[in-house]
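# Inside the fold
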Amino acid sequence: MAVRTLLKLGKSSLVVVLPKEWLKEVGLRSGDKVVIKQEDDGSIKIIPANLSSFETPIKSRLVINVERCSDGDLVQRLLVANYLVGNDNIALATKNEPISPELLRNVRDVISKLRGFEIIEQHPYMITLQCMMDATKFSMENLVGRILALLLSMSDYVKKAFDEGDQEYLKRIGFLEDELDRLYWFGVRQLLMVQKNRALAKFVGIESALHILGNRTILKVLELAGDYLVDVSSDLGRISWDELNKNKGLRMKFSELLNMIEDIISDTLKAYNGLDVFLANNILKKIDQLGKDIRDLTDRVADETKNVKTGAFLIKSLTRLLDMAKSIGVVCEIVINRVMEDPRKLLRGCIYKEL
């Protein structure tokens, strides 16, 4: 909080100097307009005119010259980058030769992972893409909830594989991970757009600018958790299930660990939605215990598995499961940090300020 002195301007007007840091942050310059809003308590709020509406300004179309950017991987990365920073209308164009089928496949592959991004016009020398989804369609809370629900479904397929000794369940995990990636990129797009237009924050449920970085971290660690589960499904698809099915005790132990992981995922959703610091703390303790259990099971796998390849992939899968749980634990750490923004309200008397 800064104190400013009112200065006289003319015969009856008073002016106040606005903080330089704030002017730079919101991009205000001399001659720009601001909206003055009087609050119920008598105070006033100064809002930059460009932030007074959540509608984003109309932008010109951005064109990628694919003759200069012919590398398919580079084109994919440019499309993702433009999607994330909020460029809604993008074209890929060439003058001398038609766009190659290979590049078209690259484009279709990447937009399948970008929610709302569609090809709206296609000609031999130009492809036009448009983002058709409103950035405020999902709140951040709903988005994180949907990603955690997908992780829960993915881990359940792994558990069913061990419960029934059937690796066919593992083949369904990749489809869920594709949807998780789409939600991840959409969430990152939301956060970057909120950074550029703070008026969007209330529509996606971000109460403080401090939460932008925390939510970005949450999205990334949950996306990594999905990647770890895909690695697990890939590794388990390469083991000898005939040998594993003969060792029902080992299968049951894996199933018990997956039960614990499912509890961690579902409890994390509750802790995140309710900003429950006590539940978040218990989840972190469960993750520590999970690490000990996994180390014990790793020793058991080494002792009881005759097939070296099967043993190696089972141990690698256990390591990935622990990595996944630790990634989810980061969400709980952010919950605890976020609670400290107003501890007296959320910690039920556990913390108080002493004057």
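In this numbering scheme, every chain counts its residues from 1 along its sequence in written order. Two thresholds apply to this predicted model, a pLDDT of at least 70 for residue-level local features and 80 or more for giving and counting side-chain atom pairs, whereas whole-chain, interface and lining totals are computed over all residues. Side-chain descriptors were evaluated using all non-hydrogen atoms of the structure, hydrogens and water having been removed beforehand.

### Some points on unusual backbone geometry
For residues other than glycine, phi is negative in most cases, and the peptide bonds are mostly trans. A positive phi angle, near 45°, is found at Leu-275, a position not held by glycine. Segments assigned H or I by DSSP are reported as helices when at least four residues long, segments assigned E as strands when at least two residues long, and all are numbered from the N terminus. Position of Leu-275 among the secondary structure elements: in the loop between helix H8 (248–274) and helix H9 (277–304).

### Quick look at the confidence of the model for the protein chain
Parts of the model with low pLDDT should not have their predicted coordinates read in detail. pLDDT: the predictor's confidence for each residue, scored from 0 to 100. Looking at the protein chain, pLDDT values average 86 and 92% of them are 70 or higher. Between the elements of the protein chain, mean pLDDT differs from a low of 58, seen in helix H11 (residues 343–346), to a high of 94, seen in H9. Taken together, the stretch residues 53–58 has pLDDT below 50 and engages in 9 contacts with residues farther than four places along the chain or on a different chain. The criterion used for residue contact is that any of the two residues' heavy atoms lie within 4.5 Å.

### A closer look at the side chain of Ser-155
Tracing the backbone through its elements, the reader meets Ser-155 in helix H4 (residues 140–164). Separated by 2.9 Å, the side chain of Ser-155 and the backbone oxygen of Leu-152 make a polar contact. Dropping the residues within four chain positions of it, Ser-155 is found in contact with Leu-229, Leu-258, Glu-262 and Ile-265. Each polar contact in these results corresponds to two N or O atoms within 3.5 Å; when the atoms are within protein, one needs to be able to donate a hydrogen and the other to accept it, and residues that are neighboring in sequence are counted only if both atoms are side-chain atoms.

### Some remarks on the pairing of strand S7 (residues 117–123)
Both S7 and strand S8 (residues 126–131) contribute to a ladder of 6 bridges, which runs antiparallel. Bridged to Phe-117 within S8 is Cys-131. As consecutive antiparallel partners, S7 and S8 are separated by 2 residues. A strand pair is defined by DSSP finding two or more bridges across the two strands.

### Here's the deal with the pattern of salt bridges
The salt bridge criterion pairs a side-chain nitrogen of Lys or Arg with a carboxyl oxygen of Asp or Glu, the two atoms within 4 Å. According to the stated counting rule, one finds 13 salt bridges in the structure shown. Linking Glu-179 and Arg-146 is a salt bridge whose minimum nitrogen-to-oxygen distance equals 4.0 Å. With Glu-179 in helix H5 (residues 173–196) and Arg-146 in helix H4, the pair connects residues that are 33 residues apart, well separated along the chain. By relative accessible area, which is 17% here, Glu-179 ends up buried. Accessible area is worked out with a 1.4 Å probe on protein chains only. A residue is then buried under 20% of its type maximum, exposed over 50%, and partly exposed in between. Since its relative accessible area comes to 34%, Arg-146 is described here as partly exposed. A salt bridge links Lys-253 to Glu-256; the shortest N-O distance between them is 3.6 Å. Note that Lys-253 and Glu-256 are positioned in helix H8 at a spacing of 3 residues, about one turn of the helix. A relative accessible area of 27% means that Lys-253 is categorised as partly exposed. Glu-256 gets classed as partly exposed once you look at its relative accessible area, which sits at 43%. Bridged by salt links that share partners, the residues Arg-115, Arg-146, Glu-179 and Arg-182 form one connected network.

### Topic: the nonpolar core
Most often, soluble globular proteins keep nonpolar side chains buried together rather than apart. The set of buried Ala, Val, Leu, Ile, Met, Phe, Trp, Tyr and Cys residues whose side-chain atoms join them within 4.5 Å is what this entry labels a nonpolar core. In this structure, Leu-79, Leu-151, Val-158, Leu-222 and Leu-236 are the most contacted members of the largest nonpolar core, which totals 94 residues. Tallying contributions element by element places helix H10 (residues 308–339) first for this core, with 13 residues. Once residues within four sequence positions are removed from consideration, Val-158 is found in contact with Leu-170, Ile-173, Leu-229, Val-232, Leu-236 and Leu-258.

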